[in-house]
Structure formats: structure tokens, C-alpha cells
Amino acid sequence: MERRRPELLIPASSLEVLKTAVIFGADAVYIGGEAFGLRAKAKNFSMEDMREGIAFAHEHGAKVHVTVNILAHNADLPGVEEYLKELKDLKPDALIIADPAIFELAKEICPEIERHISTQANNTNYGTYLFWWKQGARRVVSARELSLKEIWEIRQRIPEEMEIESFIHGAMCISYSGRCLLSNYFTGRDANQGACTHPCRWKYAVVEETRPGEYMPVYENERGTFIFNSKDLCMIEHIPEMIDAGIDSFKIEGRMKTALYVATVARTYRKAIDDYLEDPEKYYANMSWYRDQIKDCTYRQFTTGFYFGKPDESAQIYDNNTYIKEYTYLGIIGGETDGRYRIEQRNKFSVGERIEIMKPDGRNVEVTVQRILNEDGEDMESAPHSRQTLYVELSGNAQRYDILRRAEG
């Protein structure tokens, strides 16, 4: 069997992040509209933004997949039908679906758009893949609970042209393939309807029935315990095994992440995949660079998940519930006029500060902030408020879509 060239599939929470993902190396992006996706707390896309994003991606040779992956109730179906009619007009490249009713509606309303089966559908065996293939699905997203050996076995038993999509990086749900009742139980916000509050990241202790109020940590630590607190998936060191398993699309998790996170993972995995396909020795020689770069975005320590067998206690974080943050996101270069770069600022920075320009080609250029002006052209010593439009002068050159960031620590 010929070795497959995998697609790098990157999440996008907004039009800005979609453009960042494409510029920094995505072959495809997946996005959610304002309804019927599983990240209702993400900013998500209006129809106008979705239209612009699809056009931008297509102009740059990338694809757009739209999530319609809620587990629908009766009351949802009329709205889903109308939504699919709107998507038909926008012409995304694929729809990501978990619910059979929504799948059937998509097949009737917009059969020309590829249908992909979400990980939410619990796709754990070749029989399930074949079932969905017979219904007209082009691609199935494997459950996170599968090993690479199991994925390889599925590849041997499904049609060559059928595609397998698997996660390669990002947060791991603690419930089976992301189906979770904790959020609904504790807060009334249903994870399976797109409103997850991530209670698996909260602090827990055990209380014995006859001793109410006496809290006993499962793992002894002064801050309590974090029994559901999974490390983040990271397979940057195992791209050869992912390719050998017959996976067609490498999926990054994170539709609620910043442009800095998206740029970092897209750029790093883009280079790693390309290096390996060009020359495996080049991939192994550059491994320390990949490791260093992937740690530049916010993360929760790393694990290989289920890919090499069932994870043990080492895949959990027991002593804290905080993310590791190496860099702060300052903004994206929106354009340049007379040596001044326009940005929509995201975090505070000041004149005289040393920051970095993060470029799609892999370079990180350290520069000094020489001047900051507001929209009225007035000088500012610092920019304390996020979401301001600013004009900055830097000691080095930047291009549109470059990212500005500041190292922490």
C-alpha cells in the first residue's frame, strides 16, 4: 500500500484564527457555526464570516470542514434542516456529523458536501467504519480510545478511498469519545449540546458517607486531587507511526484556543510532517526543534493517550489543574503603513519591551517595541486594554499575519 500524505487539520474559533491556521500551514480547518456544534462557548462563525473564511481558505488551497455534531433532540431538527440549507449555499468541503438524523438530513439537503463522522459517534471498530461508508460517509474520525494497532487493523478492512481522521494533539476528554454527563449534572449545561463547562478539570475530594464535611484527597496533596485531569495529547514524536497506521488526516484539538496556540501547533506539525515525508533523517534531526516549539503554546503536560495501549496513572495530572504558559499572545499583524504595523491588541505590552515576531516559515524574530499609537495617532507608553486597534513601530520587519508574542519567565 502506498504511503499516504496526511492532511493537517487545524481548529479555528473565529475568522482571524482561520486565516492564521491557513497561513501557518493547515491543509484544512474545522469550524463551527453559531448553532449545532459542540463548542457553543467558542466565538464561532456568523454566516458572513463563514463565507469569507471558506473563500480565504480556498484561495490558499486549504479546505474547510464545518461541525454539525450535536446529539440532536426533537426540537433541534427543524433548525438543523434550515442550517444545512444555508451551508449548501456556502459550499464548505465537509460536514462533521455525529447524529444519524442529521446525517440523513445532510444527505438529502446537500449531498454534494462530504459527510464526515465525528468522534462523538464512538467509532471504535471496522464494522462501524463500513456501516458509515455504506451510508455515504467519506471519512470517519476515530475514537480517542483506539490504539494505532487498532487503527491499522481498521485500515486493512475498509475501502482504500475511505478516509481515517485521528487526533494528533490537544486536550483529552475524560468521558468516552467526549460524550459526557458531568457538565449537565453539575451546571445544567449539556456537553453533548455544545455547552461543556469542563468539570473534569475541577478540584475533587472524596467524602465518606458517615463523615460529612471531612474531605479526603484521593492523592495526598495540599491542594487536593485532580482525578479527571488528563494530560494533553502530543504525538509530535510519533508521526511515522501515525502515517504507518494508515491515517489520512491528523487532527489538532482546540476550537476554543487562541491564534497563538493555533499558529504554534500548525507551524510545528506542518514542518514535522513535511520533513518526515522529504527525508525521515531530517525529521529525526529536527526533533528537538519540534519539541521546543510545541511547548511554546499553552498546554497541560503531554501524553500519547491510547495510541500505544491503555494509558495508566502517568497520563493524569494529580498535583495541579493549571496550564503551562510559555508565551503571551499580543496580536496579529493586520497590515503596514509607513513602517507602522496595525494590530488588534490581545494583552498588555509597552514601549521599550522586547517581544517576538512569530513567522509562518519557522523563524522567531526578537524585536523592540519602539512606538505605540492609538487609532487617533496619539502616542501611548503602554497598551493595557485588550481588543484595542493599535499601530506599532518595531525594530524589525513584519508581514501581514505574523504573530506578536512575549516570552514569560
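Up top is the structure.
Note that the structure is a prediction, hence the values are computed from the model and not measured.

(A) A look at the pattern of salt bridges. Here the structure, examined in full by the defined rule, presents 31 salt bridges. For the salt bridge of Arg5 with Asp274, the shortest nitrogen-to-oxygen distance reads 3.4 Å. Highlighted residues: Arg5 in the segment before strand S1 (7–11) and Asp274 in helix H9 (residues 259–278), separated in sequence by 269 residues. Look at Arg5 and you get exposed, because its relative accessible area is 59%. When the shortest N-O distance is used, the salt bridge between Arg139 and Glu7 registers 2.9 Å. Residue Arg139 is located in strand S6 (residues 139–141), and its partner Glu7 is located in strand S1; the two are separated by 132 residues in the primary sequence. Several salt bridges share partner residues, and in doing so they unite Glu7, Arg138, Arg139, Glu163, Glu165 and Lys251 into one network.

(B) Local environment of the packing of aromatic side chains. Applying the stated criterion to the full structure yields 7 aromatic pairs. On the numbers, 5.2 Å between centres and 75 degrees between planes, the contact of Phe131 with Trp132 is edge-to-face. We classify Phe131 as partly exposed; its relative accessible area is 44%. Classification of Trp132 by relative accessible area gives buried; the value is 8%. An aromatic cluster of at least three residues, connected via ring pairs, comprises Tyr276, Tyr283, Tyr284, Trp289 and Tyr290. The positively charged end of Arg115 is found above the aromatic ring belonging to Phe103, 5.2 Å away from the centroid.

(C) Quick peek at the pairing of strand S16 (residues 354–358). The buried fraction of S16 is high, at 4 of 5 residues. Bridge count for S16 against strand S17 (residues 364–373) is 5 bridges, and the pairing is antiparallel. Looking at the pairing, Glu356 lines up with Glu366 of S17. Between S16 and the antiparallel strand that follows it, S17, lie 5 residues; Gly362 among them carries a positive phi value of about 105 degrees.

(D) A look at the nonpolar core. In this structure, Leu95, Ile239 and Tyr269 are the most contacted members of the largest nonpolar core, which totals 87 residues. Broken down by element, this core gets its largest block of residues, 11 residues, from H9. Ignoring sequence-local partners within four residues, the contact set of Tyr269 consists of Leu8, Ile168, His169, Cys234, Met235, Ile236, Ile239, Ile252 and Ile294. If you look at the next biggest cluster of nonpolar residues, it comprises 17 residues, including Ile333, Met380, Leu390 and Leu394.

(E) Examining the environment of Ala272 more closely. Structurally, Ala272 can be placed in helix H9. Using a relative accessible area of 0% as the deciding quantity, one classes Ala272 as buried. Residues Ala272 and Ile239 lie 33 residues apart in sequence; the distance between their C-alpha atoms is 7.8 Å. The contact partners of Ala272, leaving out residues within four places of it in the chain, are Ile236, Ile239, Tyr283 and Tyr290.

(F) Fine view of the packing of helix H3 (residues 77–90) against helix H4 (residues 100–109). In contact at an axis separation of 10 Å, H3 and H4 are set at 40 degrees when each is read in the N-to-C sense. It follows from the interaxial angle that H3 and H4 lie oblique. Crossing hand, H3 versus H4: right-handed. Counting all contacts with H3, which are made through Leu77, Val80, Glu81, Leu84, Lys85 and Lys88, the residues of H4 involved are Ala101, Ile102, Leu105, Ala106 and Ile109.

What counts and what doesn't
Residues numbered from 1 in each chain as written. Predicted model: local features only at pLDDT ≥ 70, side-chain atom pairs only at ≥ 80, totals over all residues. Heavy atoms only, no water. Salt bridge = Lys/Arg side-chain N within 4 Å of Asp/Glu carboxyl O. Helix = DSSP H or I, 4+ residues; strand = E, 2+ residues; numbered from the N terminus. Buried < 20%, exposed > 50% of the residue type's maximum accessible area, 1.4 Å probe, protein only. Phe/Tyr/Trp six-rings, centres within 6.5 Å; stacked < 30°, edge-to-face > 60°. Lys NZ or Arg CZ within 6 Å of the ring centre and 35° of its normal. Pairing = 2+ DSSP bridges. Core = buried A, V, L, I, M, F, W, Y, C linked by side-chain atoms within 4.5 Å. Contact = heavy atoms within 4.5 Å. Axes fitted to C-alpha atoms, helices over the stretch in contact; angles between N-to-C directions. Parallel < 35°, antiparallel > 145°, perpendicular 65-115°, else oblique. Left-handed = near helix turned anticlockwise from the far one by under 90°.

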